[in-house]
Structures are given as structure tokens and as C-alpha cells.
Amino acid sequence: MRSSLSGVSGVRPIANALEWASDYVSKIAVLCFTITFGITITTVTLERITSERPTITAIEYTIESLIGVAPMLEMQAEELKELAGNSDDTSYVVPTGWPFTNGLQATTVRDDSVNNWAELLRNEAAQEIYYDGPETVLANPSKVSSSWLSDSGNFLRIWKIWGNATHIWLSKINDIVIPVTAVTFALSLASTSIGFRLKLIAAAVFIASMPSLIGFGLLAFVWRQLGPGGSPFADSLQEVVFAALKIGLVNSLVVAAVATFLGAILYAHAWTQRRAKNHAVIV
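Please read all numbers here as calculations on a predicted model, not as lab measurements.

Trainee: Quick question: what am I supposed to make of the side chain of Ser236 here?
Mentor: Summarising the element assignment, Ser236 is placed in helix H8 (residues 232–282). The residues contacting Ser236, other than those within four sequence positions of it, are Tyr61, Thr62 and Ser65.

Shown next as C-alpha cells:
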């Protein structure tokens, strides 16, 4: 009997140590999960913002606000008509220089297709800027319009960091942080109580959403207040950047709302259980 009791007493400290180690690892995992999940929210959002479709569309929008491709073609047509004696049969010749670096310089554009050609040229120029950087369309600055030169500073600063290279860099970061987040989430489930660990994870998700929420929120507010304005290009640039920041703000709000909803359900469930137990004890 004494030997049996001594064996039990010897096992108990080991069990307690294992339980303590499990809780400690779980809490460290929750802390790591909070950090990595917060990074993941930001990088995944930025990866979405800098992806091909919304970015190229945004660049096309700013190009149109900056130089007006269709009006440029029409203006050139008027000049050609004057040179040709105001003939109604004059075609639009695709202008050379920025942003038309797509090999279409020798092409003529008929009167009835000017809008289609303008759309094509905008898209080609936007893809050049997105994939190769804005410097590629400035190979011949002497042929760049004066309106472009006056606003090129803001344009270059935005699209130099908001292009394919940034998107690839963010994708590589996500290839690392997403698996790490998944592993730390799994380790976070190692604590003793299911209710405790779920509440802890809900709190971690809410806390992780705060840096992105505050960061995108402040940037959106500051950009809206201090961003460029006063010209068609500046106004369109402000709208494009604000729309991107709003994507990050909305994503963070959704994550925070889900965490709050889950936490509220868990705490309400725990409260009803405690109330039921207290009622049973009183009865």
C-alpha cells in the first residue's frame, strides 16, 4: 500500500509539470499567434491592394485624369485636319512618346474608333507601369506632355511602390507568415479548457486586428485631409489611394467584428452556465 501511494505521489508532480508546461506553451503560442495574425491581416490586405486587376484599373484612371487619351487623339486629329486642308477623311495617328510605348506608333485610328483606341492605349500604358515601373514610360522625356511633367512627382511616388514588384514581395512574405500563423493557431488550442482557449483566441484575433485597423484608419483620415487636390489628376489620385486604404480599413473591421461576435457568444455561454450552476446550488 505504501509503495502504491509513493508511486502516485511521484507521478503527480510530473503530471503537474506537464500541465504547467502545456499551459505555458499555449499562452506563448497565443502571443505568437496574435503577432503573426496581425502581420497576416496587413500583408494579405496589401497583397490584395497591389494585385494586378485593381492596380492596373487605378493606373488607367489616373492616366485618363492626367493626360486625357481620347482628347489627345482628337486634338491631334484637329491639327492633322488643318494640315490637310480640313479634310473630313483624316485619320487619327497614334501619338509617339509617353505613355504609348507599345509599338503602335505607326498605327492610324479612324474617327469612329477613337474611344476604343484610347482605352487600349490606356490599358497598355498602365500595364507597362504596373509590371516594369513608371520609369519605363519616361524613356523619352522630350515627348512627355507638360501636364504630365507638372504632376509626375506624385504619380511616380505612388506607382513606384504600388506595382508588381511590391505585390511579389508581399506574396513571398505571406508564404511565410500564413503557415506560421496556422501553426501558432494549432498550438494555441493546447490549453486545458476548451472555453478558455476559444475566448483567448477570440481576444487574440481582436487584438491582432487593431494595428491594421488603426493604421489604415489613420492613413485614410490623413490622406483625405492632406492628400492632393485642386486638379482633375490630383482629385482622381486622392480617390484611388483613399479607395485602397478603405479596403484595408474594411478588412480590419470585418476581422474585429467577427472576433467581437465570437467573444460575445462565448462569454454569454459561460455566463448562462454559471447562472445555471448557481441556480442548481440554491435549489
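Trainee: Help me understand helix H4 (residues 114–132) in this model?
Mentor: A rise of 1.5 Å per residue sets the reference length of H4, with its 19 residues, at 27 Å; its end C-alpha atoms lie 27 Å apart and thus fit the reference within 8%. Along H4, the residues classified as buried are Val114, Ala118, Leu121, Arg122, Asn123, Ala125, Ala126, Ile129 and Tyr130. Gly133 lies just past H4 and shows a positive phi near 95°.

Trainee: Hey, could you run me through the layout of surface pockets in this one?
Mentor: Here the largest pocket is characterised by a volume of approximately 450 Å³. Around the largest pocket sit 19 residues that line it, and Leu46, Ile161, Trp162, Val241 and Leu245 are the ones nearest its centre. Counting only elements with at least two residues in the lining of the largest pocket, the list comes to helix H1 (2–49), helix H5 (146–161), helix H6 (164–188), helix H7 (194–226) and H8. Per-element accounting of the lining of the largest pocket gives the leading share, five residues, to H7. Looking at the lining of the largest pocket, its residues break down into 14 nonpolar, four polar and one charged.

Trainee: How do you make sense of the packing of aromatic side chains when you look at a structure like this?
Mentor: Geometrically, a pair of aromatic rings is defined through the distance of the ring centres and the angle of the planes. Tallying each qualifying case throughout the model produces four aromatic pairs. Relative to Phe37, the ring of Phe33 lies with its centre 5.4 Å away and its plane at 25°, an arrangement referred to as stacked. With Phe33 and Phe37 both in helix H1 and four residues apart, this pair spans about one turn of that helix. Between Phe33 and Phe185, the aromatic rings sit 5.5 Å apart at their centres with planes inclined by 50°, giving tilted as the arrangement. You can see Phe33 sitting in helix H1 and its partner Phe185 sitting in helix H6, a full 152 residues away along the chain. One aromatic cluster in this structure is built from Phe33, Phe37 and Phe185. Sitting above the plane of the Phe242 ring, Arg224 keeps its charged end 3.9 Å from the centroid.

Trainee: Quick question: what am I supposed to make of the environment of Val177 here?
Mentor: Along the chain, Val177 falls in helix H6. When near neighbours in sequence (up to four residues on either side) are disregarded, Val177 contacts Ile39, Thr40 and Thr43.

Trainee: Can you walk me through a nonpolar patch on the surface in this structure?
Mentor: A surface patch of nonpolar side chains, amounting to about 430 Å² of accessible area, comprises Tyr24, Val25, Ile28, Val183 and Leu187. Sorting the residues of the nonpolar patch by element identifies H1 and H6 as the ones contributing at least two each. The element contributing the most residues to the nonpolar patch is H1, with three residues. Along the polypeptide, Ile28 turns up in helix H1.

Trainee: Help me understand the nonpolar core, please; the structure alone is not making it clear to me.
Mentor: Soluble globular proteins tend to bury their nonpolar side chains together. One finds Ile59, Ile63, Phe155, Ile158, Trp159, Trp162 and Val241 to be the most contacted residues of the largest nonpolar core, which totals 31 residues. Elements with a contribution of two residues or more to this core: helix H2 (52–67), helix H3 (69–83), H4, H5, H7 and H8. Of all hydrophobic cores here, the second largest spans 10 residues; its members include Phe37, Val205, Val255 and Ala259.

Here is what the cut-offs are and how they apply
Residues numbered from 1 in each chain as written. Predicted model: local features only at pLDDT ≥ 70, side-chain atom pairs only at ≥ 80, totals over all residues. Heavy atoms only, no water. Helix = DSSP H or I, 4+ residues; strand = E, 2+ residues; numbered from the N terminus. Contact = heavy atoms within 4.5 Å. Expected span 1.5 Å × (residues − 1). Buried < 20%, exposed > 50% of the residue type's maximum accessible area, 1.4 Å probe, protein only. 1 Å grid on protein atoms, 1.4 Å probe; cavity = no way out; pocket = protein on both sides within 12 Å on 5 of 7 lines; lining within 4 Å. Points joined across faces, edges and corners; volume = space filled by probe spheres on them. Nonpolar A, V, L, I, M, F, W, Y, C, P; charged D, E, K, R; others polar. Phe/Tyr/Trp six-rings, centres within 6.5 Å; stacked < 30°, edge-to-face > 60°. Lys NZ or Arg CZ within 6 Å of the ring centre and 35° of its normal. Patch = residues over 30% accessible without salt bridge, like charges linked within 9 Å, V, L, I, M, F, W, Y side chains within 5 Å. Areas by Shrake-Rupley, 256 points an atom, 1.4 Å probe, with all protein chains shown as cover. Salt bridge = Lys/Arg side-chain N within 4 Å of Asp/Glu carboxyl O. Core = buried A, V, L, I, M, F, W, Y, C linked by side-chain atoms within 4.5 Å.

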